[in-house]
Amino acid sequence: MVDDEEDSMAVQWKLVVDCADPHAQARFWAAALHYQVEDNSVLVEGLAGAGVIGPEAYIEVDGRKAFRELIAVRHPDDPVDPASGTGLGRRLLFQLVPEPKTVKNRLHLDLHFGPEAREAEVKRLEALGATILHEVADRGSRHTTMADPEGNEFDVQ
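Heads up: these notes are all about the structure in this document. Note that this is a predicted model, so its numbers are computed, not measured.

Calculation rules
Residues numbered from 1 in each chain as written. Predicted model: local features only at pLDDT ≥ 70, side-chain atom pairs only at ≥ 80, totals over all residues. Heavy atoms only, no water. Helix = DSSP H or I, 4+ residues; strand = E, 2+ residues; numbered from the N terminus. Buried < 20%, exposed > 50% of the residue type's maximum accessible area, 1.4 Å probe, protein only. Salt bridge = Lys/Arg side-chain N within 4 Å of Asp/Glu carboxyl O. Pairing = 2+ DSSP bridges. Contact = heavy atoms within 4.5 Å. Axes fitted to C-alpha atoms, helices over the stretch in contact; angles between N-to-C directions. Phe/Tyr/Trp six-rings, centres within 6.5 Å; stacked < 30°, edge-to-face > 60°. Expected span 1.5 Å × (residues − 1).

**What about the overall build of the protein?**
Move 1: Assigned secondary structure in the protein consists of 3 helices and 10 strands.
Move 2: Its helices and strands in sequence order give the protein the pattern β-α-β-α-β-β-β-β-β-α-β-β-β, from N to C terminus.
Move 3: Taking the principal axes of the C-alpha coordinates as reference, the protein spans close to 55 × 45 × 30 Å.
Move 4: Across the 157 residues of the protein, 35% fall into the buried class.

What follows is the structure in structure tokens.
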């Protein structure tokens, strides 16, 4: 353990979400958060051209090559690595897994839109494919618990 603050450095991280359809989840969450789906086509084409990955590893999405089993969304104001299209800041990475979601999340996102915008945002998220699970009024605040298209819970405040 490092005690000296000068020697410690904040850790760069991303939240990884297991899912059945990474590209559909990325589209939903990019729209929900007003983020951008990452464009990794330069990286995918480079790896494919070098023979590192075969055609089974990628698909074409919106006219560009993308990894078949994973895709990320990123905050539009954060920097991007031009060689890979990978965001260098706030990101969610969706990766294909064979098993379905079976239990309640142990981790979830809280989306803070503010009390004046919450209802409109809940309706917008429903139009994107989310479902309302329940309304909560507790400890002086209100929020709506929702599920994304694959059943992952999140709260709208």
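**Examining the pattern of salt bridges**
Move 1: One pass over the structure, following the stated rule, counts 7 salt bridges.
Move 2: The salt bridge involving Lys101 is made with Glu153; its shortest N-O contact spans 3.4 Å. Placement of the pair is Lys101 in the loop between strand S6 (91-96) and strand S7 (109-111) and Glu153 in strand S10 (residues 153-156), with a sequence separation of 52 residues.
Move 3: Between Glu121 and Arg124 there is a salt bridge, and its shortest N-O distance comes to 2.6 Å. Separated by 3 residues within a single helix, Glu121 and Arg124 lie in helix H3 (residues 118-128), roughly one turn from each other.
Move 4: Note on Glu121: relative accessible area 15%, which makes it buried.

**Examining the pairing of S10**
Move 1: Both faces of S10 are covered, namely the face carrying Glu153 and Asp155 and the face carrying Phe154 and Val156.
Move 2: Across 4 bridges, strand S9 (residues 141-147) lies against S10 in antiparallel orientation. Residue Ala147 lies in a different strand from S10, and its bridge partner there is Glu153.
Move 3: Connecting S9 to the next strand, S10, in antiparallel fashion are 5 residues, including Gly151 with a positive phi near 95 degrees.

**Focus on the sheet that holds strand S1 (residues 15-19)**
By way of backbone hydrogen bonds, the strands of a sheet pair with one another, either parallel or antiparallel.
Move 1: Ordered in space as S1-S6-S5-S2, the 4 strands form an open sheet in which the pairing is mixed. The open sheet has two free edges, formed respectively by S1 and strand S2 (36-37), since each of these has just one partner strand.
Move 2: Relative to S6, helix H1 (residues 22-33) is tilted by about 160 degrees, and along the sheet it contacts S1, S2, strand S5 (70-74) and S6.

**Here we look at the packing of aromatic side chains**
Move 1: Under the definition given, this model contains 3 aromatic pairs.
Move 2: Ring centres of Phe28 and Trp29 lie 5.2 Å apart, and the angle between their planes is 90 degrees; this geometry places the pair in the edge-to-face category. Across this residue pair, the class does not change: Phe28 and Trp29 are buried.
Move 3: Here the aromatic rings of Trp29 and Phe154 are separated by 4.9 Å at their centres, their planes lie at 70 degrees, and the arrangement is edge-to-face. You can see Trp29 sitting in helix H1 and its partner Phe154 sitting in strand S10, a full 125 residues away along the chain. Considered together, Trp29 and Phe154 belong to a single accessibility category, that of buried residues.

**Considering H1**
Move 1: In a regular helix each residue adds 1.5 Å, so 12 residues correspond to 16 Å; H1 covers 16 Å between its end C-alpha atoms and thus fits that length.
Move 2: Among all positions of H1, only Pro22, His23, Gln25, Ala26, Phe28, Trp29, Ala30 and Ala32 are buried.
Move 3: Among the residues trailing H1, His34 stands out with phi positive, at a value near 60 degrees.

**Some thoughts on the sheet that holds S10**
Move 1: With mixed pairing, the 4 strands of this open sheet are ordered in space as S7-S10-S9-S8. The two strands at the open ends of the sheet, each matched to only one other strand, are S7 and strand S8 (131-138). Averaged over all pairs of adjacent strands, the angle between strand axes in this sheet comes to 25 degrees, irrespective of strand direction.
Move 2: Pairing of S8 with S9 involves 7 bridges; the strand directions are antiparallel. Bridged to Ile132 within S9 is Met146.
Move 3: Those strands touched by H3 are S7, S8, S9 and S10, and its axis lies near 0 degrees from that of S9.

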